[in-house]
Structure formats: structure tokens, C-alpha cells
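As a plain string of letters, each chain reads:
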Amino acid sequence: GSLALVSRAVSYFETDYFAVTPDGSTVQLPLPRSADSKTAFKGNVLFTLRKDWTPQGEATIKEGSLIAFALREFLATRKVPKMAVLYTPGARASVGRVRAGRDDVYATIYENVTASIHAFRPDGAGVWRDKRLDLPAGGSTGIASTNEFGPEALFTYQGFLTPTTLYLEKDASEPAPIKALPARFDAAPYAQAQYEAVSADGTKIPYFVVRAKDAAGPGPMLLYGYGGFEISQPPFYWANAGRIWLARGGAYAIANIRGGGEFGPAWHEAALKTNRQKAFDDFIAVAEDMIKRGLTTTKQLGIMGGSNGGLLVGTVMVERPDLFGAVVCEVPLLDMIRYTKIGAGASWVGEYGDPENPQERAAILEYSPYQNVKPGVKYPPLLFITATSDDRVSPVHARKMAAKMEAQGHDVLFYENTDGGHAAAANHAQQAEMSALAFTYLARKLGLNR
């Protein structure tokens, strides 16, 4: 019969799991709260681990690992089954999405921020075979759909210069492309490269750069980042940037800073709570590294981020006003001393720390943009974009910061859309308008003249 699993979120990153037995009662699974359920397959439930875990009488399983818990066996015996470890990521790898098909479990595996798909299959004795599928490299692969009753699976591939392409795997043959989204810009003149910057504490921070193959010397550069909630920034087909930024002679970069999930849970945890400054240091290091490599100059370097990325660009602008030529700050958090009382803020204490806790408050106060912005400092010009209807990160943050900066005499523009929620746009037309606003602003401030 089918196995039912229910979960209870203890906090943003901790969960208890329970199996529902045929008589309707529940039994808690002997798993750590750091386990994150992914899918069910042939009587097993698959999890990734946010922290190292040592099951009773077994060797320690590394954080970030993909494991199978034999649920059917556990319900039959009520004894803790031996954990099967399907994949243990190295220091520069992580497990993304996991989906079950009829014969295999598919997982997106990231190595140094580019993805592949692995197919895992159990042999009946608790050993799982690991096969890497033949898909393009250097970008992001995804699992679009799996068939739990047949041999087919659909995957996607996209890269900075390749629109999303759909691949079909059938009867265990290698995946073949069957359809693609239309190209939104001519990718032929551009190339992607991956570099590493060294952060303040010596950690190597990877970043991608997309620019013209024949680019000579520094030019207008847009640096984008996020760095929070274990959300990674792998390669993606950024049609708007390609069409209205690259095509006019600009270049862009994506920073894979700590706080994200690029290298598994440890990459995220390194920038939690009192360590938040590490994410900002990483972003600053990437900016400085690009200038050092001659890819851009301070006056030609613009930064953009939204939500937690809005906090990122707001913070680094206040900390290093000398480093950037322009800032686009979208649906941001900015008043970090009061964030728990604004919008959905109280749910993010596990990420940013609690301003009511004296130690955490002190760390937050060190960087919180709203508290640290000062008159008499020359900040780069700044555009805020927010939405009245944003119920996740309230527009209150951007409104307060814009008002304070305006009162202090800084160069600040503020745009608030009435609808669209946390995306600040409710439809394609509004989305196009937002992009046009942001890129036109950056083009004017960074000297993109074409």
C-alpha cells in the first residue's frame, strides 16, 4: 500500500517527520531535525542532511549527503534501518532537486556551481548505483518531470547563453533534446567565464562573468547577488540582461557568495546570524576582484539585488560607498533592527538572528543599512523598486530608507508599484517595465551609451 508521511516544521530549517500507519496513528521517524525530505521511492524516503549525523551504531554521514530511509522496513520491524547513502558531496558540491521515476531516483548535483543529473537505482541489497546522465555541461540542469509508472523522464538545461531546452530520456537511453524556448538575443558574440575572488577571511568565492568575446579593457558591469536562505545562483538564461544590457555593450556577473546553497548547507550556515557580514565581505571581494582583473572600474560597476539581495546591495553600498557606480535595490529588507516586526520578518530569525537577543542585536547593528546610512558621505546613486502589495518584505523598508537618504541629501530615486506582491510586478507588461527602469537607470549611471 501507499506510504503517507507528514511533517511538522519546528523552525525555518528544522522538521520532525511522522509516518501515518494504516490504522491512522502516527509514528515519528528516527531522523534528525536537520533532515530535509525530498521524495519517496520503493518503500524508501529520501532526505538530504543540513548537518552531520551519526545514526546509532553507524558511521557519521556528512552534511549535504543524500540518504535513503527504509520506511516500509521501519514500519514492519519498528527497528531503525541501516541508512543508505546515495551521494556524499565534496567541499565544492551540493544536491539540488530530487525526483523519483519508476526505475530510478534522479537528483540534480551541482559541482562548482554548474549542474548535472545523476540517476540512482537500488540493487535490492541496499546498495544504490549512481549513473551520471549525458547532458550539456557548464550550466544548470533540472528535472522537469518523471513518470512513476513508465521509463520516461524529462530534463531541462539552460545556461547564460542557452535558452531552456527540454531533454527526453526513454527506456534508459541517454537524454535527447526535443524542444527549446526561443532565443531572446543573439548569443554568438558573448562568452561566459568563471573566476574566484578571495574574501576577507581567505575563503574562495566563485563568480560568473558574461561579456563580449572581443571585449577589450574595462566596461560597464552589472554585479548581481543574493546570498541567503541556502538559495543558490547557478547559471540561468537571463533574457532581459541579454537583450537590453549585453546587446548595448554591457557585461554582467553573478556572485556565488556565502549564505546561498552553492556548496551545501555549510556554505549557507557560514553566513548565518552573527556571521552575516561574511556574505557582504564575499560580495565586496568579487567587486574588487573584477576591478583588479580589469573587467570594470568603480565608476562603471553597478550592483543589483532583490529581497535578501536588496539587503545585500543596501549593506555593501553603506559599507563601501567608494566601490560602486550605481545601485538598484529591489523589494529589500533594510531596517534589520525592526525587521521581525515588519511583514513576514518574524519567520526569518533563524537566518538573520533576533534583534531582541543582545549579542545578535549588536552584530545586526554593525551592518543594518537603515541604522548606518549617514549624511555627509558620498554614496553611489541608488534606485529603489518595491510594491505596495508586497506582504513578504513590506515596502516599509524601502520607504523608510529612501526617506532617510533623501533627508540626508543623497542621490536616491524611489519607485513603488501598486501590485505584484514580492515580485513587484503582476504581469509580463509590468515585469518589462521594471526591467526597463532598472537597466535604463544603470545604463545612464554607468555610461552605457550604445
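Residues numbered from 1 in each chain as written. Predicted model: local features only at pLDDT ≥ 70, side-chain atom pairs only at ≥ 80, totals over all residues. Heavy atoms only, no water.

Chemist: What is the right way to look at the overall build of the protein in this model?
Modeler: Along the protein, the regular secondary structure elements total 10 helices and 23 strands. The C-alpha radius of gyration computed for the protein amounts to 23 Å, which stays within 12% of the reference 22 Å derived for 450 residues, consistent with globular compactness. Along the three orthogonal principal directions, the C-alpha set of the protein runs to about 70 × 55 × 45 Å. Within the protein, buried positions represent 53% of all 450 residues. (Helix = DSSP H or I, 4+ residues; strand = E, 2+ residues; numbered from the N terminus. Rg over C-alpha atoms; globule rule 2.2 N^0.38 Å. Buried < 20%, exposed > 50% of the residue type's maximum accessible area, 1.4 Å probe, protein only.)

Chemist: Would you explain the nonpolar core in this entry?
Modeler: Buried together is how nonpolar side chains tend to be arranged in soluble globular proteins. Membership of the largest hydrophobic core comes to 89 residues, with the highest contact counts inside it found for Leu223, Tyr252 and Phe384. The biggest single contributor to this core is helix α4 (residues 277-292), with eight residues. When sequence neighbours within four positions are dropped, the list of residues in contact with leucine 223 reads Ala253, Ala255, Phe283, Val286, Ala287, Met290, Leu301, Gly302, Ile303 and Met304. (Core = buried A, V, L, I, M, F, W, Y, C linked by side-chain atoms within 4.5 Å. Contact = heavy atoms within 4.5 Å.)

Chemist: What exactly am I supposed to notice about helix α7 (residues 358-367) here?
Modeler: Count 3.6 residues to each turn of an α-helix, and residues three or four apart come out pointing the same way. Taken together, the buried positions of α7 are Glu360, Ala363, Ile364 and Tyr367. One side of α7 carries all its buried residues, which in axial view fall inside an arc of 100 degrees. Away from the buried face of α7 by more than 90 degrees, exposed residues Pro358 and Glu366 are located. Where α7 starts, the residue carrying a side-chain oxygen 2.9 Å from the main-chain nitrogen of glutamine 359 turns out to be asparagine 357. (Arc of directions from axis to C-beta. Polar contact = N/O pair within 3.5 Å; in protein donor to acceptor, adjacent residues only side chain to side chain.)

Chemist: Would you explain the sheet that holds strand β4 (residues 35-41) in this entry?
Modeler: Strands pair in a sheet through their backbones, by hydrogen bonds, and they do so in one of two ways: parallel or antiparallel. The strand order across the open sheet built from four strands is β4-β5-β6-β7, with neighbouring strands paired in antiparallel fashion. Every other strand in the sheet has two partners, leaving β4 and β7 (84-87) as the edge strands with one partner each. Within this sheet the neighbouring strands show an average axis-to-axis angle of 30 degrees, counted without direction. Strand direction decides the pairing type here: strand β5 (residues 44-49) and strand β6 (residues 66-70), joined by five bridges, are antiparallel. Within β6, the residue paired with phenylalanine 47 across the bridge is isoleucine 67. (Pairing = 2+ DSSP bridges. Axes fitted to C-alpha atoms, helices over the stretch in contact; angles between N-to-C directions.)

Chemist: Sorry, what's going on with the sheet that holds strand β3 (residues 26-28) here?
Modeler: Across the sheet, three strands lie side by side as β1-β2-β3; this open sheet has antiparallel pairing. Both outer strands of the open sheet, β1 (4-11) and β3, are each paired with one neighbouring strand and no more. Strand-to-strand twist in this sheet, taken as the mean axis angle between neighbours without regard to direction, amounts to 30 degrees. Relative to strand β2 (residues 14-20), β1 is paired through seven bridges, and the arrangement is antiparallel.

Chemist: In this structure, what is going on with the packing of α4 against helix α5 (residues 308-319)? I would like to understand it.
Modeler: Helix packing for two helices is described by the angle between their axes and how far apart those axes are. Axis separation between α4 and α5 bottoms out at 10 Å; the angle between their running directions is 70 degrees. Overall, the two elements α4 and α5 adopt an arrangement that is roughly perpendicular. Note on element contacts: α5 touches α4 through Leu311, Leu312, Val313, Thr315, Val316 and Glu319, opposite Gln277, Ala279, Phe280, Phe283 and Ile284. Partitioning the contact of α4 with α5 into residue classes produces eight nonpolar, two polar and one charged. (Parallel < 35°, antiparallel > 145°, perpendicular 65-115°, else oblique. Nonpolar A, V, L, I, M, F, W, Y, C, P; charged D, E, K, R; others polar.)

Chemist: It is not clear to me how the environment of alanine 119 should be interpreted in this structure. Could you clarify?
Modeler: Looking at where alanine 119 falls in the secondary structure, it is placed in strand β10 (residues 114-122). Spatially, the C-alpha atom of alanine 119 lies 42 Å from that of isoleucine 385, the residues being 266 residues apart in sequence. Residues within four places of alanine 119 in sequence aside, it is in contact with Asp104, Val105, Tyr106, Arg129, Asp130, Lys131 and Leu133.

Chemist: Looking at this model, I keep getting lost on α5. Mind explaining?
Modeler: Between its first and last C-alpha, α5 extends 16 Å over 12 residues, near the 16 Å set by a 1.5 Å rise per residue. Of all the 12 residues making up α5, 11 are buried; the element is thus mostly covered by neighbouring parts of the structure. Within the span of α5, buried status applies to Asn308, Gly309, Gly310, Leu311, Leu312, Val313, Gly314, Thr315, Val316, Met317 and Val318. (Expected span 1.5 Å × (residues − 1).)

Chemist: It is not clear to me how the packing of aromatic side chains should be interpreted in this structure. Could you clarify?
Modeler: Aromatic ring pairs are reported here in terms of the distance separating the ring centres and the angle at which the planes meet. Under the definition given, this model contains 22 aromatic pairs. Pairing phenylalanine 185 with tyrosine 237 gives two aromatic rings, centres 5.2 Å apart and planes at 10 degrees, and the pair type is stacked. Residue phenylalanine 185 is found in the loop between β15 (176-180) and β16 (190-198), and its partner tyrosine 237 is found in the loop between β18 (221-224) and α2 (239-244); the two are separated by 52 residues along the sequence. Taken individually, phenylalanine 185 and tyrosine 237 each receive the classification buried, so the pair is uniform in this respect. An aromatic cluster is built from Phe160, Phe208, Tyr224, Phe236, Trp238, Trp245, Tyr252 and Phe439, whose rings are joined through pairwise contacts. Directly above the aromatic system of tyrosine 370 lies the positively charged group of lysine 400, at a separation of 4.8 Å from the ring centroid. One cation-aromatic arrangement involves lysine 404 over tyrosine 370; the distance from NZ or CZ to the ring centre is 4.5 Å. (Phe/Tyr/Trp six-rings, centres within 6.5 Å; stacked < 30°, edge-to-face > 60°. Lys NZ or Arg CZ within 6 Å of the ring centre and 35° of its normal.)

Chemist: In this structure, what is going on with the pairing of β16? I would like to understand it.
Modeler: Pairing of β16 with strand β17 (residues 204-212), which is carried by nine bridges, proceeds in the antiparallel orientation. Bridge pairing in β17 places glutamate 196 opposite proline 206.

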